[in-house]
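Summary of the model geometry
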Amino acid sequence: MLVIQPLKDFKCTGCGGSGAFLVMEGDGPLCMTCADMDHLVFLPAGDATLSRRAKKESGLSAVVVRFSRARKRYERQGILVEEAALERAEERCLADEEVRIRRRERAQERRAEEDLDFQAGLAKEILRLFPGCPSARAERIARHTGTRGSGRVGRSAAARAFDEEAITGAVIASVRHEDTGYDELLMKGCDRREARSLVWDDVEELLEAWRAGRPRRPATRTRS
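Below, the discussion takes up the sheet that holds strand β4 (residues 40-44). Pairing within the open sheet is mixed, and its four strands lie in the order β1-β5-β6-β4. Edge strands, defined here as strands with exactly one partner in the open sheet, are β1 (2-4) and β4. The sheet shows a mean angle of 40° between the axes of neighbouring strands, direction not considered. Contacts from helix α1 (residues 48-57) reach β4 and β6 (73-82), with the element oriented near 55° to β6.

Bringing the environment of Glu178 into the picture now. With respect to the secondary-structure elements, Glu178 resides in helix α5 (residues 164-178). Residue classification places Glu178 among the partly exposed residues on the basis of a relative accessible area of 34%. Within polar-contact distance, the side chain of Glu178 engages the side chain of Arg140 at 2.8 Å.

The next subject is the packing of aromatic side chains. Taken as a whole, this structure holds two aromatic pairs when the rule is applied. Pairing Phe21 with Phe42 gives two aromatic rings, centres 5.3 Å apart and planes at 50°, and the pair type is tilted. Here Phe21, found in the loop between β1 and β2 (23-25), pairs with Phe42, found in strand β4; they are 21 residues apart in sequence, far enough to count as distant. Overall, the relative accessible area of 12% leaves Phe21 in the buried class. Since its relative accessible area comes to 29%, Phe42 is described here as partly exposed. With centroids separated by 5.3 Å and ring planes inclined at 65°, the aromatic side chains of Phe67 and Tyr74 adopt a geometry described as edge-to-face. For the cation-ring pair, Arg176 lies above Tyr182, with the distance from its terminal atom to the ring centre recorded as 5.6 Å.

Let us look at the side chain of Ser68. As for its placement among the helices and strands, Ser68 is situated in strand β5 (residues 62-68). Relative accessible area serves as the criterion here: at 12%, Ser68 is assigned to the buried category. Polar contacts involving the side chain of Ser68 include one to the main-chain amide nitrogen of Arg71, which spans 3.2 Å.

Cut-offs applied
- Residues numbered from 1 in each chain as written.
- Predicted model: local features only at pLDDT ≥ 70, side-chain atom pairs only at ≥ 80, totals over all residues.
- Heavy atoms only, no water.
- Pairing = 2+ DSSP bridges.
- Helix = DSSP H or I, 4+ residues; strand = E, 2+ residues; numbered from the N terminus.
- Axes fitted to C-alpha atoms, helices over the stretch in contact; angles between N-to-C directions.
- Contact = heavy atoms within 4.5 Å.
- Buried < 20%, exposed > 50% of the residue type's maximum accessible area, 1.4 Å probe, protein only.
- Polar contact = N/O pair within 3.5 Å; in protein donor to acceptor, adjacent residues only side chain to side chain.
- Phe/Tyr/Trp six-rings, centres within 6.5 Å; stacked < 30°, edge-to-face > 60°.
- Lys NZ or Arg CZ within 6 Å of the ring centre and 35° of its normal.

Below, the structure written as structure tokens:
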């Protein structure tokens, strides 16, 4: 069934009244009351699932269209359905949303557990490769580089498999930022590659100490 949402007032050929919708029948337009459709409620287009369910639940329904002057054609605006049918459809959609919310929550919990397990394993591997690295520092590096979705070097596919090169890269990045004057050089406008070259000796010195099991105090971060 097709119902029109008129662009201007109309006169019902049955009762002489008007309304928000009309049905073309016989000699002219009928209002919803004269068309025996005044018990239906309007559901605007936009939620395909709700519309589909409401139409399925409703014993009587109609498609609502309106003429577009710009496009010179009738365009769908929504549907008319029984109020009880719309309520039942809304309840089903809400139930589905609750299910989706619960699924998202469980997925988030599972990812959080996976992250913690991964970070613990990553910290263990850091200490295996760099036994002189303080445990708290290894945990901090693992937590920083192993955060899901961070895109950091330690979160790469290689690091997830505990690839030594990727893990070493994560440790180098931490040492560069925390134990050298690298950040200060960048703030002074130094080129990134040049800054890395300037601090590399300090980075390598600390890495060698950690590899040898010596928790040497970090070098000063102030560099010119």
